[in-house]
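Coordinate analysis (summary)
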Amino acid sequence: MILNIDLGGNSAKCALIENFEIKSKFFVETPKFEIIENLKKMIDIYFKENGYKWENVEAISFSVPGAYDKKTEIIVFAGNLNWWNYPLLKEARRIFNFEKIFILNDANAATYGEWKKGQDGMPESMMLFTLGTGVGHGLILNKQIWEGTKKGYASEGGHGGCFADEELLCSCGVYGCLEARSSATGIERELNKADNKNYIESKLGKEFKTIKIIDIVELFNNEDPVIINIFKECLMPLSKAVGYLQTVLDVDKVIIGGGPSNLGKRISEIIFENLKKYTLKSFYEDMVIEIAKLGNDAGIWGAYYWALENI
Ligand SMILES: [Zn+2]
């Protein structure tokens, strides 16, 4: 049995998986401090209440929303957890009193999960973007997760480059990252701009404090031109990056996950239409852009497979 922990800013999703089957899934709130101490305490309580035993746990596998430097075994940064140069592996081993602990960046975990479990036949190569508070990115090359060779925490495709407006400052401290525009946060920021908000409120006949993507699903599904245009514009920086990366990497598939991907195939179509202008014709013609299949459990499954193969 492997204990998989998908750490998030507000809560950690925990799943006990045995023989490719989820035995149990539970959530633990993430406090602002002593996150791992609290996790251990809450998991102990859960184990006790539900009859699970630590001696049956073969490994613990973490999916972390931040950059993990495998060489130094340190989380370089995880903004949502307020971790800067945090020695997660060492601390988790000490607090859990457990040796076999594995760590993956959350986007890499989602990519690995989607590749191992979501994609029939596991393509030779693929990249995944998850649109949420930020934009996560993971890459499979030659049937392996690509972590880079110099820093060891590569595929941060949501950041760097200048695919978005150059004056837009991203939470990572760099200008022009696509995350600032193409994340769910970026899309919702656009939906709440005065003109757009007034339009949506008049269309739906009610007022909103803040408009969320979930509020405009019907308008989106009915091809409302204003809403579709907001998505086209917000997804443009991501589309440019996908087009560019495809030209560089020539992967078998591009997968889009995260909250906005629940809107379905139309999201991948918008990205496909957007990037036509920016991609070499021969690469564009047979590009495959799909919506992720595993949804919110991709990270848990990625953590599981990662541990299973590295035990
Ligand atoms: Zn950034």
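Residues numbered from 1 in each chain as written. Predicted model: local features only at pLDDT ≥ 70, side-chain atom pairs only at ≥ 80, totals over all residues.

**Quick look at the sheet that holds strand 6 (residues 74-78)**
- Across the sheet, which stays open at both edges, the 3 strands sit in the order 5-6-7 with antiparallel pairing between neighbours. Each edge of the sheet is formed by a strand with only one pairing partner; in this case those strands are strand 5 (67-69) and strand 7 (83-86). Going across the sheet, the axis of each strand differs from the next one's by a mean of 15°, ignoring polarity. (Pairing = 2+ DSSP bridges. Helix = DSSP H or I, 4+ residues; strand = E, 2+ residues; numbered from the N terminus. Axes fitted to C-alpha atoms, helices over the stretch in contact; angles between N-to-C directions.)

**What to know about the sheet that holds strand 12 (residues 253-258)**
- One open sheet holds the 5 strands; their spatial order is 11-10-9-12-13, and the pairing between them is mixed. The sheet terminates laterally at strand 11 (144-145) and strand 13 (289-291), the two strands that pair on one side only.
- Here 2 bridges tie strand 10 (residues 135-141) to strand 11, and the two strands are oriented antiparallel to one another. Across the sheet, the residue bridging to isoleucine 140 is isoleucine 145, located in strand 11.

**Some points on the domain arrangement of the protein chain**
- What the domain assignment reports for the protein chain is domain 1 (2-111 + 296-310) and domain 2 (121-292).
- Look at where the C-alpha atoms of domain 1 and domain 2 centre, and you get two points 27 Å apart.
- Taken together, the 14 residues of domain 1 in the interface contact 17 residues of domain 2.
- If you list the elements that add at least two residues to the side of domain 1 that touches domain 2, you get strand 5 and helix 3 (106-118).
- With 5 residues, the top contributor of residues to the side of domain 1 that touches domain 2 is helix 3.
- Looking at the side of domain 1 that touches domain 2, its residues break down into 6 nonpolar, 4 polar and 4 charged. (Domains from an automatic or database assignment. Contact = placed C-beta atoms within 7 Å. Nonpolar A, V, L, I, M, F, W, Y, C, P; charged D, E, K, R; others polar.)

**Focus on the packing of helix 3 against helix 12 (residues 298-310)**
- Here helix 3 crosses helix 12 at 80°, and the two axes come no closer than 6 Å. As summarised for this structure, helix 3 and helix 12 are arranged roughly perpendicular, according to the angle between their axes. Between helix 3 and helix 12, the contacting residues are Asp106, Ala109, Ala110, Thr111, Tyr112, Gly113, Glu114, Lys116, Lys117 and Gly118 on the first element and Ala298, Gly299, Ile300, Trp301, Gly302, Ala303, Tyr305 and Trp306 on the second.
- Partitioned by chemical class, the residues of the contact of helix 3 with helix 12 number 9 nonpolar, 5 polar and 4 charged. (Parallel < 35°, antiparallel > 145°, perpendicular 65-115°, else oblique.)

**Digging into the pairing of strand 3 (residues 21-29)**
- The sheet contact formed by strand 2 (residues 11-18) and strand 3 spans 8 bridges and is antiparallel. Looking at strand 3, one finds that alanine 12 is bridged to valine 28.
- Linking strand 2 back to strand 3 in an antiparallel pair, the connection comprises 2 residues, with asparagine 19 at a positive phi of about 45°.

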